[in-house]
Structure formats: structure tokens, C-alpha cells
Amino acid sequence: MSDMTGSKALAVEAWAARRGRACLRFDYSGHGESEGRFADGTIGAWFADALAVFDALSEGPQIVVGSSMGGWIGLLLARARPARVAAFVGIAAAPDFTEDFIAAKLPPELRAKLERDGFFEEPTPYGDTPYTITKKLLDEGRNHLLLRAPIPFDGPVRLLHGMNDPDVPWQWSPKIAARVASADVRVTLVKDGDHRLSREQDLKLLADTLDELAG
């Protein structure tokens, strides 16, 4: 439920401005300024949003940056548009989270509620509004799982991950690295970093990573 006014998105925009490069930010449906309800969203729908924005509003090679769920969407985009994605940067990238972090760990009472009501609500430390987790989100997410097979992307990949991340284990980034076809893959672990990686030093690491990729 992050949006395009978050500190990392704005930091990427500021980096692009300093380098004289274009930058494209957007909100998925049900997020930020976009229409729709978060509870109606699925990985496939949000991936379709990303494809539509990418195809309509950008041209030429792009460095794609995605954080958490956005890392999953970004990897799907890199797989779908390999000729247009020059490089990918993931920040606590969370491919397959609907299956491996939610569905696989549901206690029996929540599993029963999901079957009965089609959703359950989960508190989050990142805001006052709980996440609405729907059966549709979990079921549809299985159509987009990435880590069960090689990920056919040959461009540079940089994965940044905090080792104090309570939401996406830092071991997920090496797992992604092993699945990506590219030989040019680096994982950077921040020992005292959390899930957001949005402190001043974290944003500098992100900017340095973009500097290296942009040449």
C-alpha cells in the first residue's frame, strides 16, 4: 500500500533530476492517487497497470526500480519486456509473497475465515488502516509465481535488502539472485536495515546503485 510520494520514489526522482534523466512514477490501482479499492487488486491487475504505464509513457531502455511488492512487479516487467528493461533494482523485493509469506503461513482460523468470507484483515505497522487480504489475491497470485523456475532476464540486477527486515527475510534476495538468468547480479545486505530502507544512508546506497547502473 505504498504510493508514489514515498521517500524512495522521490529519491529516485531527485537522482534522475540531478543526472538530467527522465523518471516515471505511478500508483497502482487502489493505491495513492489512483482509482479503485486495494481490496479489489491482484498481482495480475497491478502487473497490468505497470505494463500499461511502461508501454504508454516511457520509451527506450529503462532502469526499473521496485520495492517490496513492487520488486515482484518489476521482475515480471523485466521478464515481459527484456528488450526495454536495461536493468532492475529491487529493494526488499518480494516475489511470490502471497504464496510463501501469507498462504503458506495462515493459521487454521484465518484459513477458515478466508474460505467463509473471502477475506481477512491484517494489522500493519506501516499505517492505521489494516491490510485487506482476499482469497482472490492469494489464488490469482499463483498465476505469477517466479521463484519456482529460472527468471529469463539477462540484464544487470541489483538487490538491496536490510537484514533486520521483519516482513521479507533477507535470504529472499539471494534466492532471487539464484533464479535470475543474468550473470550480472549483485546482492547488497544492510546489516542494520529494516524493510523500508528509507533512511538517509539507505537512500544514498540506492542513488549510488543507480549511478553505477547508469554509467
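What comes next is a walk through the structure. Just so it is clear, the model here is predicted, and its values are computed rather than measured. (Residues numbered from 1 in each chain as written. Predicted model: local features only at pLDDT ≥ 70, side-chain atom pairs only at ≥ 80, totals over all residues. Heavy atoms only, no water.)

## Notes on the overall build of the chain
For step 1, the next point in the chain: Secondary structure summary: the chain contains eight helices and six strands in total.
For step 2, the next point in the chain: For the chain, the α and β elements follow one another from N to C terminus as α-α-β-α-β-α-α-β-β-α-β-α-β-α.
For step 3, the next point in the chain: In terms of C-alpha radius of gyration, the chain reaches 17 Å, essentially the compact-globule figure of 17 Å for 215 residues.
For step 4, the next point in the chain: For the chain, the spread of C-alpha atoms along the three principal axes comes to 55 × 35 × 35 Å. (Helix = DSSP H or I, 4+ residues; strand = E, 2+ residues; numbered from the N terminus. Rg over C-alpha atoms; globule rule 2.2 N^0.38 Å.)

## Focus: the side chain of Glu 99
For step 1, the next point in the chain: By the secondary structure assignment, Glu 99 is in helix 4 (residues 97-102).
For step 2, the next point in the chain: Note on Glu 99: relative accessible area 18%, which makes it buried. (Buried < 20%, exposed > 50% of the residue type's maximum accessible area, 1.4 Å probe, protein only.)

## With respect to the environment of Ile 63
For step 1, the next point in the chain: You can see Ile 63 is positioned in strand 1 (residues 62-67).
For step 2, the next point in the chain: For the pair formed by Ile 63 and Ala 87, sequence separation is 24 residues and the distance between their alpha carbons is 4.8 Å.
For step 3, the next point in the chain: Every residue in contact with Ile 63, bar those within four places of it in the chain, is listed here: Ala 87, Val 89, Leu 210, Leu 213 and Ala 214. (Contact = heavy atoms within 4.5 Å.)

## Regarding helix 3 (residues 69-80)
For step 1, the next point in the chain: Spanning twelve residues, helix 3 covers 17 Å between terminal C-alpha atoms, matching the ideal 16 Å at 1.5 Å per step.
For step 2, the next point in the chain: The buried count for helix 3 comes to ten of twelve residues, which makes it a mostly enclosed element.
For step 3, the next point in the chain: Among the residues making up helix 3, those that are buried are Met 69, Gly 70, Gly 71, Trp 72, Ile 73, Gly 74, Leu 75, Leu 76, Leu 77 and Ala 78.
For step 4, the next point in the chain: At its buried positions, helix 3 is contacted by helix 2 (43-57), strand 1, strand 2 (85-91), helix 4, helix 6 (135-141) and helix 7 (172-179). (Expected span 1.5 Å × (residues − 1).)

## What to know about the sheet that holds strand 6 (residues 185-190)
For step 1, the next point in the chain: Here we have four strands laid out as an open sheet, ordered 1-2-5-6, and parallel in their pairing. Every other strand in the sheet has two partners, leaving strand 1 and strand 6 as the edge strands with one partner each. Mean inter-strand twist for the sheet, computed between neighbouring axes without regard to direction, equals 15°.
For step 2, the next point in the chain: In the sheet, strand 2 pairs with strand 5 (residues 157-162) via four bridges, with the strands oriented parallel. Bridge pairing links Val 89 to Arg 158 in strand 5. (Pairing = 2+ DSSP bridges. Axes fitted to C-alpha atoms, helices over the stretch in contact; angles between N-to-C directions.)

## Observations regarding the packing of aromatic side chains
For step 1, the next point in the chain: All chains considered together, the criterion is met by six aromatic pairs.
For step 2, the next point in the chain: For the ring pair Phe 101 and Trp 172, a centre distance of 4.8 Å and an interplane angle of 55° mean the geometry is tilted. Highlighted residues: Phe 101 in helix 4 and Trp 172 in helix 7, separated in sequence by 71 residues. Neither Phe 101 nor Trp 172 differs from the other in exposure class; each is buried. (Phe/Tyr/Trp six-rings, centres within 6.5 Å; stacked < 30°, edge-to-face > 60°.)

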